Amino acid sequence: MNREPNTDIPADIREQVDELLVGSVDALPADELAQQLMRARAEGRPLRVKLGVDPTAPDIHLGHTVVLRKLAKFQSFGHQAVLIIGDFTAKVGDPSGRSKLRPRLSDEAIEANAATYVEQAAKVLDMDRVELVRNGDWLGALRMDEVLTLTATVTVARMLERDDFSRRYLANEPISMLEFMYPLLQGYDSVAVRADVELGGTDQKFNLLMGRNIMEAYGVPPQSILTVPLLVGTDGEQKMSKSYGNYIGVNDVPNDMFGKVMSIPDELMVPYFGLLTDINHHDLLVVEQTLSDGSYHPAQAKRDLAERLVTLYHSAAAAA
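Figured I'd write up the structure that's included with this text. Per chain, residues are indexed from 1 in the order of the written sequence. Local features in this predicted model are restricted to residues of pLDDT 70 or higher, and side-chain atom pairs are both shown and tallied only at a pLDDT of 80 or more, whereas totals for entire chains, interfaces and linings draw on every residue. Values shown for side chains rest on all heavy atoms present in the structure; no hydrogens or waters enter the calculation.

**Regarding the nonpolar core**
Throughout, nonpolar core names a set of buried Ala, Val, Leu, Ile, Met, Phe, Trp, Tyr and Cys residues whose side chains join them through atoms within 4.5 Å. Partly exposed describes any residue whose relative accessible area lies between the buried limit of under 20% and the exposed limit of over 50%, with all areas from a 1.4 Å probe on protein chains only and scaled to the type maximum. Of all hydrophobic cores here, the largest spans 60 residues; its most connected members are Leu 33, Leu 62, Leu 199 and Tyr 272. Comment: elements are numbered from the N terminus, with helices defined as DSSP H or I runs of at least four residues and strands as E runs of at least two. In terms of residue count, the dominant contributor to this core is helix H3 (residues 62-76) (seven residues). Formed by 25 residues, the second largest nonpolar core is a distinct cluster that contains Val 133, Met 159, Phe 180 and Leu 185.

**Quick word on the sheet that holds strand E3 (residues 80-85)**
The strand order E1-E6-E5-E2-E3-E4 describes an open sheet built from six strands, whose pairing is mixed. At either margin of the open sheet sits one strand with a lone partner, and together these are strand E1 (27-28) and strand E4 (130-134). At least two DSSP bridges between two strands are needed for those strands to be called paired. Inspection of the sheet shows E3 paired to E4 by five bridges, in the parallel sense. Considered in E4, the bridge of Ile 84 is made with Val 133. Here helix H10 (residues 177-193) sits on the sheet and contacts strand E2 (48-53), E3, E4 and strand E5 (197-201); the angle it forms with E2, its principal contact strand, is near 145°. Should any heavy atoms of two residues lie within 4.5 Å, those residues are considered in contact. Fitted lines through C-alpha atoms give the axes, limited to the stretch in contact for helices. The angle between two N-to-C directions lies from 0 to 180 degrees.

**Some remarks on helix H9 (residues 163-170)**
Of all the residues in H9, the buried ones are Asp 164, Phe 165 and Arg 168. The arc that holds the buried residues of H9, viewed along the axis, is 100°, so those residues lie on one side. Among the exposed residues of H9, those oriented more than 90 degrees off its buried face are Asp 163, Arg 167, Tyr 169 and Leu 170. Summarising the contacts, the buried residues of H9 are in contact with helix H8 (156-159) and H10. At the exit of H9 stands Asn 172, carrying a positive phi of roughly 60°. The directions from the helix axis to the C-beta atoms are what the arc is built from.

Here it is as structure tokens:
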């Protein structure tokens, strides 16, 4: 994301913001991240950067690692990563991008999934420096009067501004009250952990902005938000998802991971290099240019990409 330099922002903070915004889609409100960094420096503290994940499946795929890598980038600058395991919100089900109510998971399934999620996230994050919490600790303790206070912070009209809700409403398709609760609970998470920044995919934008509104209603300084793209799956058409069968799992064995990368469409190579590896901006431009002019053969580019990814999630020896 390119923006005109603000001469009131110190050069080192401008550089940090530029690095943090590489590969992002939305950074809202505009220039707020730089202001937060300056306030945090004046207060002598790191930013609290929140990422909430619902353990709805036992394995994570490379699509999940895009936002995990963004959280790791904040860690690299010394900020506090706050990883929320949504053991409570997983029982509700995030309606983002859904055309119908998600099936509800058992407590046993949620616990099993949470354990494997943390283990796999450790391949991207420095877990020794992660504040790891579960939202069941505060959401499960809310009294009915506190739930009613939370629901009073948002109108039905505001909820229906959400794309997936408005489409279903206009199509006369059912929307449960349970689904309306999800953005409120996610927003309350930000109140509970006092987030400065919340990360999410572009499909989470409504929920992240809702968090700002709820924080203000509770008298807590509102978070800024940063969204990242949804990774397109190996089919080159739909977002990466186990349900679509177009995923590359973090726990895939090296041969499978390598082979799946080799099968991706040529047009995915630049976004995969940019979103899934540590390649710097200059080298990414070189990859894009040489692929475009034909001097970098797509098959070789895929081998190089596959080698990087297998090395990252297994080892250089496994990649070789």
